[in-house]
Amino acid sequence: MSGNKDFTHLDLYTIVQKEKMDSSSTKLVIYAPDVAAKVKAGQFLIIKTHETSERFPLTFSDWNTQDGTITVLFREVGFSTIELGQLKVGEKIQALVGPLGNPSEIHNYGTVVMACGGLGVAAAYPISRALKEAGNNVITLLGAKNKDSFVLEKEIQKVSTKVMYVTDDGSKGKKGFVSDLLRELIDNKEQIDIVFVIGTPAMMMVTSEVTRPFSIKTVASLTSIMVDGMGMCGACRVTIDGQIKFACVDGPEFDSHKADFKELMQRSKCYRDEEKQAIHEGESCQCQNL
Ligand code: FES
């Protein structure tokens, strides 16, 4: 949260706060009162950093209706996110569209497990907050590479009844994966009414397989490749229960037991070579400009 400040003198989509969360993750607070006034947990936005930049989706990790800001947290892994991460406080994002997609279905389910891999926690935080406010018992499972890779820990603790950690190297919590923690909860006969899973397609696929034999309702947030975010370009196509759906307008949340994660993984990889090329060319440009 950026507090209650007066940003009304600023142009729309000006960055008012920037924070490096770890070596590759960045948090931006952006002045966007029109968006902040409407956003609900589970929705996303499309960003275009500069006039010539590509459009790409990011989930909201927070918003403040009083000062008119939205917060996004992203890993600088591809050309578009690296470009966004280069903007400084006071600079403007060229275009921003949102909120897009359907909000999460928030009800009093009973006990909810939020299973988050890596930066999935950024999208999970507002959903957990809304679920807690609706009276749920929220158990959060957080998975990361190592003890230094966790973000938003304090925020997540505030909206969770219990937080369990797992790391690839065992440096915080157990060594293993989020799916292992979920299996442990089920083995310990924890009453689980619904699971929300947010992470990479591979993480969501594996985690969803843990709940399938027990018929525990499991919802995955499918942030596939997106361009227009309005159901027209077809870039975000996913297959759910054998039917084509568009993640941007039909989702982004779907019954994960019906999602074709293998196809999603394949589609996520299809622009990898172009991405590497764009990063390489971007680096060359920066060198020439030194
Ligand atoms: S992003 Fe274009 S149809 Fe969904």
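A. Main features of the pattern of salt bridges. A complete count under the given rule lists 11 salt bridges for this structure. The shortest N-O distance in the salt bridge between Arg75 and Asp22 comes to 3.4 Å. With Arg75 in strand β6 (residues 69–75) and Asp22 in the loop between β1 (15–20) and β2 (25–31), this pair connects stretches of sequence that are 53 residues apart. Exposure remark for Asp22: the relative accessible area of 17% places this residue in the buried category.

B. Summary view of the packing of aromatic side chains. This structure, assessed with the given rule, holds four aromatic pairs. The interplanar angle of 85 degrees and the centroid separation of 6.4 Å between the aromatic rings of Phe60 and Trp63 together place this pair among those described as edge-to-face. The class of Phe60 is buried, set by a relative accessible area of 2%. Its relative accessible area of 16% is what places Trp63 among the buried residues. For Arg129, the ring lying beneath its charged end belongs to Trp63, and the centroid distance is 5.3 Å.

C. Quick peek at the domain arrangement of the chain. Under the domain assignment used here, the chain contains domain 1 (15–100) and domain 2 (111–269). Distance from the C-alpha centre of domain 1 to the C-alpha centre of domain 2: 21 Å. Of the residues lining the interface, 20 residues belong to domain 1; the matching set on domain 2 comes to 23 residues. When the buried surface of domain 1 facing domain 2 is broken down by residue, Phe44, Arg55 and Leu73 rank first, second and third, together holding 26% of it. Scanning the region where domain 1 abuts domain 2 turns up one salt bridge. For Asp62, the salt bridge is made with Arg129, and the minimal N-O distance between the two is 3.1 Å.

D. Up close: the nonpolar core. Ranked by size, the top nonpolar core spans 48 residues in total, and within it Ile30, Ile70, Leu84 and Met114 carry the most contacts. With eight residues, the single largest contributor to this core is helix α3 (residues 120–133). Counting only domains with at least three residues in this core, you end up with domain 1 (15–100) and domain 2 (111–269). Not counting chain neighbours up to four residues away, the residues in contact with Leu84 comprise Leu28, Ile47, Thr49, Phe56, Leu58, Phe74 and Ile93. Residues Leu141, Leu181, Ile216 and Ala259 belong to the second largest nonpolar core, which totals 34 residues.

Conventions and cut-offs
Residues numbered from 1 in each chain as written. Predicted model: local features only at pLDDT ≥ 70, side-chain atom pairs only at ≥ 80, totals over all residues. Heavy atoms only, no water. Salt bridge = Lys/Arg side-chain N within 4 Å of Asp/Glu carboxyl O. Helix = DSSP H or I, 4+ residues; strand = E, 2+ residues; numbered from the N terminus. Buried < 20%, exposed > 50% of the residue type's maximum accessible area, 1.4 Å probe, protein only. Phe/Tyr/Trp six-rings, centres within 6.5 Å; stacked < 30°, edge-to-face > 60°. Lys NZ or Arg CZ within 6 Å of the ring centre and 35° of its normal. Domains from an automatic or database assignment. Contact = heavy atoms within 4.5 Å. Buried area = accessible area lost by both parts, 1.4 Å probe. Core = buried A, V, L, I, M, F, W, Y, C linked by side-chain atoms within 4.5 Å.

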